[in-house]
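Residues per chain, in single letters:
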Amino acid sequence: MSFHGEGAPARHRRARRRAAGGVAALGAAAVVAAGLSLSSWWSSPSADAATTAASPSADAATTAASPSADAAITAAATATSPFAVDGRGARVPFTELEAEDAATNGTVLAPDRRYGTLATEASGRRAVTLDAAGEYVEFTLTAPADAMSFRYSVPDDAAGTGRTASVDVRAGGNSTAVAVTSRYAFYYGSFPFTNTPGTGAHHFYDETRTMFGQTLPAGSTVRVELSSTAQTPSITVDLADFELVGAPIARPADALDVVADFGADATGTVDATAKFQAAVDAGRTQGRAVFVPRGNFLLFGHVTVDKVTVQGAGPWYSVLGGRDPGDRSRAAGLFGRYAGAGGAPSTGVTIRDLAIIGDITERDDSAPTNAIGGSLTDSVVDNVWLQHTKVGLWLDGVTTNFTLRNSRILDQTADGVNFHRGITGSTVENTFVRNTGDDGLAMWSQTNVNSGNTFRDNTVVAPMLANAIAVYGGTGITVTDNVVADTIVSGGGVHVGNRFDDVRGPTAVSGTFTLARNTLIRAGSPSEWESGIGALWFDALNAPLTGASIKVSDTDIIDSTYAAVQTVEGSAVTGLDLDGVRIAGAGTYALLFQNAGAATLTGVTVTGVAQSPPVYRCGTGFTITTGPGNSGWSADATTCPPTWPAPQ
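The written sequence of each chain sets the order in which its residues are numbered from 1. pLDDT decides what is reported in this predicted model: residues at 70 or higher carry local features, side-chain atom pairs at 80 or more are listed and counted, and totals for whole chains, interfaces and linings draw on all residues regardless. Derived side-chain values reflect all non-hydrogen atoms in the structure, with water molecules and hydrogen atoms excluded from consideration.

1. What to know about the overall build of the protein
- The helix and strand inventory of the protein stands at five helices and 50 strands.
- Relative accessibility under 20% of the residue-type maximum defines a buried residue, over 50% an exposed one, and the middle range a partly exposed one, all with a 1.4 Å probe and only protein chains included. Going through the 648 residues of the protein one by one, you find that 62% of them count as buried.
- Any pair of residues with heavy atoms lying within 4.5 Å of one another is described as a contacting pair. Restricting the contact set of the protein to residue pairs at least 6 apart, pairs at least 24 apart contribute 77%.
- Residue burial considers only the protein chains on display, and all accessible areas are found by Shrake-Rupley using a 1.4 Å probe. For the protein, the exposed surface amounts to about 20,000 Å²; the carbon and sulfur share of it is 52%. Numbering of helices and strands runs from the N terminus; a helix is a DSSP stretch of H or I covering at least four residues, while a strand is a stretch of E covering at least two.

Rendered as structure tokens:
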């Protein structure tokens, strides 16, 4: 099968040149200018905990920030959970508890926003390090649960091949040894990164999951304990998600069974790719669903799906995974046909109630090692768990009327989702994304324009690189009712731009873009620009961003690392309409206009912004038209400092 540009190395080379220069370019000058109040977020490169994190002998607790961290900054950095925003974001089936809020005798890391530290990459910018036998984090359940997943980091080994250890999970009177590893974490150097230990260590965290074998009532305690330091000198625990999974889903009436009817191995020891392909082919020709029962299924390649339903017993029970040991570009995945080069897309596909937990440990943009991909018109993916693949879902056009919903995408080496060239009328909704290696949710109009697509009711947390939500070109795009948090480097919370390969002319941003009822928390990040990247930002690099009406309404931008709203690069950004945007806290400016253009601002309120006045538009000719209801800023009061202020 031909591989139609998936991952597009050129796109990422441009982006990651910025990433490679980002923190170094921020430099000591910005740090010195910041003053003592920034001690918990930014410090000189010589104090950067990435150096100790990269060393396999280093105790992860050394990444804790200075104990003199300002208490007010700590409160501001952690006050808002992405799950505490009513009516926005994904309606997840779990209850999340942060380790730093649990009972512990470990070391609580102070908040940080420097690239390359454990605290920076943690949810809420804090976590707990256990570095002595007997240290623990103990969670108290607020709702019944029979399963948990927890996010953690263990130090890498000297070879970069991954350290594997176990920790004890004590729940309901039982103790279970749960495996933890750094195999799917720790990347080094500049893009596209390597697994060889050295400078630039990042992407420290992974997640694992376990079932208790019983339902624990609310009020029960679950302890994660480091019983010995023989296998790992430490483990850092970020959070735990507790869930009531229930019993596996039964085989639907008249469904084909990949095990009972086709002999697929359910123990995860024998390649079942051919058996799966035979089952889905039979399902298509017979018009019958294909059932994947409880089990672990080893797939050494993609299974091509078309006009068929593939249903599992639930994402905790039916797990696909694996990778061809002889050809590392082949790995577990469910793919539609590619519609390029005159081919026709797969249609009428449903994939639901299963997990694809892969074995991808590196970033290779030439390899199609994604969980779900191809072209899937008039298709639905529902209630899936995608983890440890390159991209959770990468669609290539032509694809129309596709929906991803009610799903989890975790621990990817690149994007969580990418709608790539010629995706129309398609949606991602009610999906939770965390710890991607690139954009969390992206649309990229390379060569062919994306049109009429929607990202709504999603929660995206801690993308290790780039943006939580990004739209590169396209027409008539909607991004609504999402919650994003904790972007790390070279990206913001929500981004619209004419950037990356072939996003210009007919594929550039056009029509009406609706960005409404989104909440951005601790978004924005350092980049190669001393200004950093704003939480909500617009970029005209490839072509003027002048062909669209971009309507931003009823939006909350909270505790931004740099600016809250930014326009940058290229000749002009126009058609920008901000209405009912509430900016509460920003490390530099509320409004940062770095190129020519125009915007209308109505009901834009600003509080708690570091710079005064909180508007920057120096020598760009950017025109601000004001409507009623603005407060905390003035279009007539702007600032042009001789040097860029450091974030506060």
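From this point, the discussion proceeds with the structure in view.
2. Digging into the packing of aromatic side chains
- Only Phe, Tyr and Trp rings take part, Trp by its six-membered ring, and two of them pair if their centres are within 6.5 Å. Stacked means planes under 30 degrees apart, edge-to-face means over 60, and tilted covers everything else. Counted by the stated rule, this structure contains 19 aromatic pairs.
- In textbook terms, an aromatic cluster arises when at least three aromatic residues are bridged by ring pairs, as seen for Phe-83, Phe-94 and Phe-432.
- It is Arg-209 that lies over the ring of Trp-316; its NZ or CZ is 4.7 Å from the centre.
- Working rule: Lys NZ or Arg CZ, within 6 Å of ring centre, within 35 degrees of ring normal, means a charge sits over the ring. Residue placement shows Arg-223 over the ring face of Tyr-136; its charged tip is 3.6 Å from the ring centre.

3. Considering the state of the cysteines
- Count a disulfide wherever a pair of cysteine sulfur atoms falls within 2.5 Å. Scanning all chains against the criterion turns up one disulfide.
- A sulfur-sulfur distance of 1.9 Å marks the disulfide that ties Cys-618 to Cys-640. Across the S-S bond linking Cys-618 and Cys-640, the dihedral sits near -115 degrees, which makes this disulfide left-handed. Here Cys-640 lies in the segment after β50 (622-626) and Cys-618 lies in the loop between β49 (615-616) and β50, a separation of 22 residues in the sequence.

4. Some words on the nonpolar core
- In terms of nonpolar packing, the biggest core is built from 84 residues, with Phe-276, Phe-419, Phe-538, Ile-550 and Ile-583 touching the most fellow members.
- Take this core: its biggest share by element is six residues, from strand β45 (residues 572-586).
- Listed in part, the 28 residues of the second largest apolar core include Leu-97, Ala-171, Leu-216 and Leu-226. Residues grouped as a nonpolar core are buried Ala, Val, Leu, Ile, Met, Phe, Trp, Tyr and Cys residues, joined through side-chain atoms within 4.5 Å.

5. Details of the sheet that holds strand β42 (residues 536-539)
- One open sheet holds the twelve strands; their spatial order is β16-β19-β22-β25-β29-β33-β36-β39-β42-β44-β46-β49, and the pairing between them is parallel. The open sheet is flanked by β16 (302-304) and β49, the only strands paired with a single partner. The rule for pairing is simple: two strands pair if DSSP sees at least two bridges between them.

6. Some details on the layout of surface pockets
- The calculated volume of the second largest pocket comes to roughly 410 Å³.
- Cavity: a set of points on a 1 Å grid over the protein atoms alone where a 1.4 Å probe fits but cannot get out. Pocket: an open set with protein on both sides within 12 Å along at least five of seven lines, its lining residues, like those of a cavity, having an atom within 4 Å of a point. Surrounding the second largest pocket, 19 residues form its lining, Tyr-184, Val-319, Ile-357, Gly-358 and His-388 being those nearest its centre.
- By residue number, the principal contributor to the lining of the second largest pocket is strand β9 (residues 206-216), which donates four residues.
- Classes in brief: Ala, Val, Leu, Ile, Met, Phe, Trp, Tyr, Cys and Pro nonpolar; Asp, Glu, Lys and Arg charged; the others, Gly included, polar. In terms of residue class, the lining of the second largest pocket is made up of seven nonpolar, eight polar and four charged. Grid points are joined across faces, edges and corners, and a volume is the space filled by probe spheres set on the points.

7. What about helix α5 (residues 273-286)?
- Taking 1.5 Å per residue, 14 residues should reach 20 Å; α5 reaches 20 Å between its end C-alpha atoms and fits that length.
- Restricting attention to buried positions, one finds in α5 the residues Thr-273, Phe-276, Gln-277, Ala-279, Val-280, Ala-282 and Gly-283.
- In the stretch just after α5, Gly-287 is the one whose phi turns positive, near 65 degrees. To estimate the expected span of a helix, count its residues, drop one, and scale the result by 1.5 Å.

8. What about the environment of Ala-147?
- Its place among the elements puts Ala-147 in strand β6 (residues 145-153).
- With relative accessibility at 0%, the residue Ala-147 sits in the buried group.
- The spatial distance from the C-alpha of Ala-147 to the C-alpha of Leu-244 is 6.4 Å, given a sequence separation of 97 residues.

9. Section: unusual backbone geometry
- Here the residue pair Gly-397 and Val-398 is connected by a cis peptide bond, since its omega of 5 degrees sits within 30 degrees of zero.
- Following Ser-612, the chain continues to Pro-613 via a peptide bond in cis, the omega torsion being 0 degrees.
- Tracing the backbone shows Pro-613 in the loop between β48 (605-609) and β49.
- Unlike most non-glycine residues, Arg-125 shows phi in positive territory, near 70 degrees.
- Phi is positive for Asn-383, which is not a glycine, with a value near 55 degrees.
- Relative to the helices and strands, Asn-383 resides in strand β24 (residues 379-387).

10. Things to note about the sheet that holds strand β5 (residues 135-140)
- Spatially, β2-β5-β10-β7-β8 is the arrangement adopted by the five strands of the open sheet, whose pairing is antiparallel. Of all the strands in the sheet, just β2 (103-104) and β8 (174-181) have a single pairing partner and so form its edges.
- Strand direction decides the pairing type here: strand β7 (residues 164-171) and strand β10 (residues 221-226), joined by four bridges, are antiparallel. Across the sheet, Val-169 pairs through a bridge with Val-224, a residue of β10.

11. Observations concerning the pairing of strand β29 (residues 417-420)
- Here β29 shows no split at all, with Val-417 and Phe-419 on one side and Asn-418 and His-420 on the other all buried.
- Relative to β29, strand β25 (residues 393-396) runs parallel, the two being bridged by four bridges. Looking at the pairing, Trp-394 lines up with Asn-418 of β29.
- Pairing geometry for β29 and strand β33 (residues 441-444), over four bridges, is parallel. Each bridged residue has a counterpart across the sheet, and for Val-417 the counterpart in β33 is Leu-441.

12. What about the pairing of strand β21 (residues 350-357)?
- Summarising burial for β21: six of the eight residues are buried, a large majority.
- Sheet topology places strand β17 (residues 309-312) next to β21; three bridges connect them, and they run parallel. Considered in β21, the bridge of Val-310 is made with Ile-351.
- Two elements, strand β18 (residues 318-321) and β21, share two bridges in a ladder whose sense is parallel. Within β21, the residue paired with Val-319 across the bridge is Ala-355.
- By the bridge criterion, seven bridges tie β21 to β24 in an arrangement that is parallel. Following the sheet pairing, Thr-350 is matched in β24 by Val-380.

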